[in-house]
Amino acid sequence: TADRLFNFAAGPATLPESVLLKAQSELYNWRGSGMSVMEMSHRGKEFLSIIQKAESDLRTLLNIPSDYSVLFLQGGATTQFAAIPLNICKPDDVVDFVVTGSWCDKAFKEANKYCKPKSIWSGKSEKYTKIPSFDLLEQTPGARYLHICANETIHGVEFKDYPTPINENEVLVADMSSNFCSKPVDVSRFGVIYAGAQKNVGPSGVTIVIIKSDLIGNAQPITPVMLDYKIHADNNSLYNTPPCYGIYMCGLVFEDLIAQGGLSEVEKKNIKKAGILYNAIDESKGFYRCPVEKNVRSLMNVPFTLAKSELEAEFIKEAAKEKMVQLKGHRSVGGMRASIYNAMPLAGVEKLVAFMKDFQAKHD
Ligand code: PMP
């Protein structure tokens, strides 16, 4: 509607308008229950129906095999940086990290407290603009898991395929916070997929973990109860009070993604949106520039700079006047970043591209 902005924030991020309107219509009195979802007991039949439907719709969307558990947790993806090594490693286990950006680097540093992580590749010296070719990775014999960040939100690099761990019993672990449910994923290739909800599937406060069930139940003895996957799996994510309203919102987003035809349809839209934005950058004759290597550019987070960097503040200010906000790049890298998650409409990207062309015409 006219009074909403196009919000290019990296997360919390824009949500589908239809989902917000549905939540609004159900806010005061959820489906005749006489109360809002915020006020319900998490053990009542109404909320149980909400969390069960959310899980089953997510299973449908990602085609999650039955030997995987789905957990709705709290603490953000950052908490999983600790929970994963605590749950699936002994303190002396070696694990491999492919450090493609700042998020994977954070996960690597946190894991250092609970196991023996090894950075087997880092893109830092090239300012995190690449993903290595998988045959160049020197994976560690005996490693317990191989960790990747499937989409680096700050740097805009995205894995288009996934490496395979070399060791028997080793699993692939992926932080999918910023490209969760943006395209189909073969879940069976992963031991653990985790994601904060606040980019593609809901509000902040919900963290989703999809884990192969046989990895559950071996947590290190020091593991806090709230980080122990077995506790949450045995209790269907209801060991303590879960983030009820956030789970409800995720459920509405999952319904919406199914109604759009599922993740292959969603991916087509995302490819189209990202395509027109990257084209606009690449065809600007150097006025705009995206530093990321072409074949690993993210469909979700598009970082770019202006050759005349002194114009960046004006770019952001002028875009905001035209109702396009949150285009400033992350404070650690500068420049601009347009996050164009599932819920960013094509019209938003088209408007941004038209604005970029106008801005260039004025300042070139
Ligand atoms: N991983 C990635 C890829 C992210 O983008 C973020 C948040 N921007 C995080 C982890 C941290 O997530 P949270 O704030 O939910 O802890």
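What counts as what
- Residues numbered from 1 in each chain as written.
- Predicted model: local features only at pLDDT ≥ 70, side-chain atom pairs only at ≥ 80, totals over all residues.
- Axes fitted to C-alpha atoms, helices over the stretch in contact; angles between N-to-C directions.
- Helix = DSSP H or I, 4+ residues; strand = E, 2+ residues; numbered from the N terminus.
- Parallel < 35°, antiparallel > 145°, perpendicular 65-115°, else oblique.
- Contact = placed C-beta atoms within 7 Å.
- Nonpolar A, V, L, I, M, F, W, Y, C, P; charged D, E, K, R; others polar.
- Pairing = 2+ DSSP bridges.
- pLDDT = per-residue confidence, 0-100.
- Near = placed C-beta within 6 Å.
- Left-handed = near helix turned anticlockwise from the far one by under 90°.

Asker: What's the story with the packing of helix α7 (residues 263–282) against helix α9 (residues 346–363) in this structure? I'm lost.
Answerer: The description of two helices packed together rests on the angle between their axes and the distance between the axes. Orientation of α7 relative to α9, taken along the N-to-C sense of each, is 5°, at an axis distance of 10 Å. It follows from the interaxial angle that α7 and α9 lie roughly parallel. Side by side, α7 and α9 meet where K269, K272, K273, I276, L277 and A280 of the first sit next to L346, V349, E350, L352, V353, M356 and K357 of the second. Across the contact of α7 with α9, the residue classes break down as eight nonpolar, no polar and five charged.

Asker: For this particular structure, what's the right way to read the environment of A13?
Answerer: Considering the arrangement of structural elements, one finds A13 in the loop between β1 (6–7) and α1 (17–27). Considered as a pair, A13 and S177 are 164 residues apart in the sequence and their alpha carbons are 12 Å apart. If near-sequence neighbours (up to four positions away) are discounted, A13 is found in contact with N7, Q198, K199, S339 and Y341.

Asker: Would you mind going over the sheet that holds strand β14 (residues 336–339) with me for this structure?
Answerer: Backbone-to-backbone hydrogen bonds pair the strands of a sheet. The strands run either parallel or antiparallel. On the basis of which strands lie adjacent, the open sheet formed by three strands has the order β11-β12-β14 and antiparallel pairing. Strands with a single pairing partner mark the edges of an open sheet, and in this sheet they are β11 (288–289) and β14. In terms of strand pairing, β11 meets strand β12 (residues 301–306) through two bridges, oriented antiparallel. Bridge pairing in β12 places Y288 opposite L306.

Asker: Even after reading the chapter, I still don't get the confidence of the model for the protein chain, so can you show me in this structure?
Answerer: Detailed reading of the predicted model is not advised wherever pLDDT is low. Mean pLDDT over the protein chain stands at 97; residues scoring 70 or higher make up 100%. Under the prediction, the complex receives an ipTM of 0.99, its pTM being 0.98.

Asker: Explain the environment of A320 to me, please; I cannot follow it from the model alone.
Answerer: Mapping A320 onto the fold places it in helix α8 (residues 312–321). Separated by 315 residues in sequence, A320 and L5 have C-alpha atoms that sit 8.8 Å apart.

Asker: What is the right way to look at the site of the ligand in this model?
Answerer: With respect to spatial proximity, the complete set of residues near the ligand consists of G11, G76, A77, T78, W103, C149, T153, D175, S177, S178 and G196. In terms of residue count, the dominant contributor to the shell around the ligand is helix α3 (residues 76–88) (three residues). When the residues that make up the shell around the ligand are grouped by side-chain class, the tally is three nonpolar, seven polar and one charged.

Asker: What is the right way to look at the packing of α3 against helix α4 (residues 102–111) in this model?
Answerer: At a closest axis distance of 8 Å, the pairing of α3 and α4 adopts a crossing angle of 45°. If you check the angle between α3 and α4, you find them oblique. Considering the relative orientation of α3 and α4, their crossing is right-handed. In this structure, α3 contributes F81, A82 and P85 to the contact, and α4 contributes K106, A107, E110 and A111. Here the contact of α3 with α4 is built from residues that sort into five nonpolar, no polar and two charged.

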